Amino acid sequence: QKMTEEHRDGEKKLVLVEGELLGEGAFSRVCRVAEESTGRVFALKRMAKSAALQCPEHVFCEQHITRNIAHPFCLRQYASFKDKCHLYMLFDLMPGGDLMDVLVAEAKVIKYPVADKNSLRKGCLAPKMKMWQGMEEPMSKFYVASIVLALEYLHENGIAFRDLKPENVLIDGQGYAKLGDFGFAKQVEAGGRTYTFCGTPGYVAPENVMGRGYNHSVDWWTLGVLMYVLLTARQPFTSPKTQDPMEVMRRIVDDRWPIKYPPYMSDEARDLISKLLERKPVKRIGMLQGRARDIKAHPWFVGFDWDALAAR
Ligand code: ADP
Ligand code: MG
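Quantities reported herein were computed from a predicted structural model and do not represent experimental measurements.

Here's the deal with the overall build of the protein chain
Part 1 of the argument: For the protein chain, the helix and strand inventory stands at 11 helices and 12 strands.
Part 2 of the argument: Since a compact globule built from 312 residues should have a radius of gyration of about 20 Å, the 21 Å found for the protein chain is in line with a globular shape.
Part 3 of the argument: Put simply, the protein chain has 312 residues, and 35% of those count as buried.
Part 4 of the argument: Residue pairs at least 24 apart in sequence account for 58% of intrachain contacts in the protein chain once pairs closer than 6 positions are excluded.

Looking at the site of ligand 1
Part 1 of the argument: Residues in contact with ligand 1 amount to 23 residues; listed here are only the nearest, G23, G25, A43, M94 and D181.
Part 2 of the argument: Broken down by secondary-structure element, the contributors of at least two residues to the shell around ligand 1 are β2 (13–24), β3 (28–35), β4 (41–48) and β6 (86–92).
Part 3 of the argument: Looking at the shell around ligand 1, the element that brings in the most residues is β2, giving 3 residues.

Focus on the environment of A233
Part 1 of the argument: For A233, the position within the fold is in the loop between α7 (217–232) and α8 (245–253).
Part 2 of the argument: For A233, a count of 19 C-beta atoms within 10 Å corresponds to the partly exposed category.
Part 3 of the argument: If near-sequence neighbours (up to four positions away) are discounted, A233 is found in contact with L103, A107, W132, Q133 and G134.

Observations concerning helix α9 (residues 267–276)
Part 1 of the argument: Every buried residue belonging to α9 is among A269, L272, I273 and L276, and all of these are buried. Down the axis of α9, the buried set is contained in an arc of 100°. They therefore lie on one face.
Part 2 of the argument: Buried residues along α9 sit against α5 (137–156) and α7.

Overview of the environment of E278
Part 1 of the argument: Among the structural elements, E278 can be located in the loop between α9 and α10 (292–296).
Part 2 of the argument: E278 sits 57 residues away from W221 along the chain, and the two C-alpha atoms are 7.4 Å apart.
Part 3 of the argument: Once residues lying within four places of it in the same chain are set aside, the contact partners of E278 are K283, R284 and I285.

Thoughts on the UniProt feature "binding site: ATP" (unreviewed entry) in the protein chain
Part 1 of the argument: The positions that UniProt labels "binding site: ATP" (unreviewed entry) are, in the present scheme, K45.
Part 2 of the argument: Residue position: K45 is located in strand β4.
Part 3 of the argument: The buried category is assigned to K45, around which 26 C-beta atoms lie within 10 Å.
Part 4 of the argument: Among residues more than four places away in sequence, those in contact with K45 are S28, V30, Y88, M89 and F91.

Description of the pairing of strand β5 (residues 77–82)
Part 1 of the argument: Of the pairings in the sheet, the one linking β5 to β6 comprises 5 bridges and is antiparallel in character. Each bridged residue has a counterpart across the sheet, and for S80 the counterpart in β6 is M89.
Part 2 of the argument: Between β5 and β6, which pair antiparallel and follow one another directly, the connecting turn spans 3 residues.

Concerning the confidence of the model for the protein chain
Part 1 of the argument: Of all residues in the protein chain, 95% attain a pLDDT of 70 or more, and the chain-wide mean is 91.
Part 2 of the argument: In the predicted complex, the global pTM is 0.92; the interface-specific ipTM is 0.98.

Parameters at a glance
- Residues numbered from 1 in each chain as written.
- Chains lettered and ligands numbered in written order.
- Predicted model: local features only at pLDDT ≥ 70, side-chain atom pairs only at ≥ 80, totals over all residues.
- Helix = DSSP H or I, 4+ residues; strand = E, 2+ residues; numbered from the N terminus.
- Rg over C-alpha atoms; globule rule 2.2 N^0.38 Å.
- Buried ≥ 20, exposed ≤ 12 C-beta atoms within 10 Å, placed from the backbone.
- Contact = placed C-beta atoms within 7 Å.
- Near = placed C-beta within 6 Å.
- Arc of directions from axis to C-beta.
- UniProt positions renumbered as here; feature names shortened; annotations may be inferred.
- Pairing = 2+ DSSP bridges.
- pLDDT = per-residue confidence, 0-100.

Here is the structure:
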């Protein structure tokens with residue numbers, strides 16, 4: 001299938017040859033495309049106008065923000081155009097897929113030694129309990145660190161990302177992570193607040209659920225959820241019996257709902273997650289003085305070469 005589209009910036013016509021489907025989100029399809037004249041490959045995101053009309057504000061923000069940001073860990077948009085029924089955005093192709101693909105490939109069921117009465121009587125721990133484990137910590141540290149740098153950059157530019165989750169982190173040809181899908185990203189002025197409830201049920205921050213206004217603090221919460229998901233291949237807030245998103249969100253806002261950490265997780269990882277999943281935004285790590293600096297200086301990142309990552 002061949003499609004011809006006019007480049008937004010003017011004279012040049014783009015002729016794109018459509019290839020395989022790369023992924024689908026709630027509102028859009030993303031396909032691999034090649035520019036006919038140069039053979040250069042891109043990812044083309046297509047959204048039905050009817051879907052875009054349900055939230056024109058979000059579409060405008062995605063357009064505006066992805067065109068104006070420039071950071072090694074944020075996906076950039078090259079062009080956008082429309083036809084009768086669809087809006088299109090052209091991005092760098094990220095051949096490594098998204099972070100959920102990486103997690104699925106890494107996740108495994110492990111047998112963990114647990115103390116029970118019988119085994120303790122015999123004086124040993126029985127390797128009994130089966131549980132899920134996600135990525136090894138060094139690997140997840142690399143991805144989490146890249147996301148910290150991307151969020152730090154966005155926040156410095158007054159942008160809240162608002163929909164962080166593994167599906168929205170894309171992997172480039174060299175294995176580096178980039179934030180993609182700025183569909184919910186929004187400019188929030190310093191000291192300002194925004195009110196729209198948005199995000200993904202298991203990931204939304206309590207202040208987002210409560211509806212009394214929030215700012216970029218929601219991104220540090222969702223980073224905590226993402227880090228938990230990468231390490232455990234489980235979400236920290238679920239409703240296994242009812243699968244009810246409302247129940248999940250009730251647990252997110254409920255101070256008494258405990259977060260369960262699996263025994264294989266290091267103390268440092270547990271501590272950082274618990275500081276990101278702090279229900280009061282003002283007390284959350286990343287929101288205190290020094291902002292992202294406090295996260296970078298957390299013991300989980302001891303020995304991590306931030307400068308090398310930032311200089312890539
Ligand atoms: P939505 O706003 O509908 O969630 P996304 O922008 O998140 O759409 O894209 C949906 C999926 O398509 C992603 O989760 C990812 O798997 C895939 N995808 C998106 N952009 C790219 C890209 N540049 N390169 C490769 N795959 C991509
Ligand atoms: Mg998405």
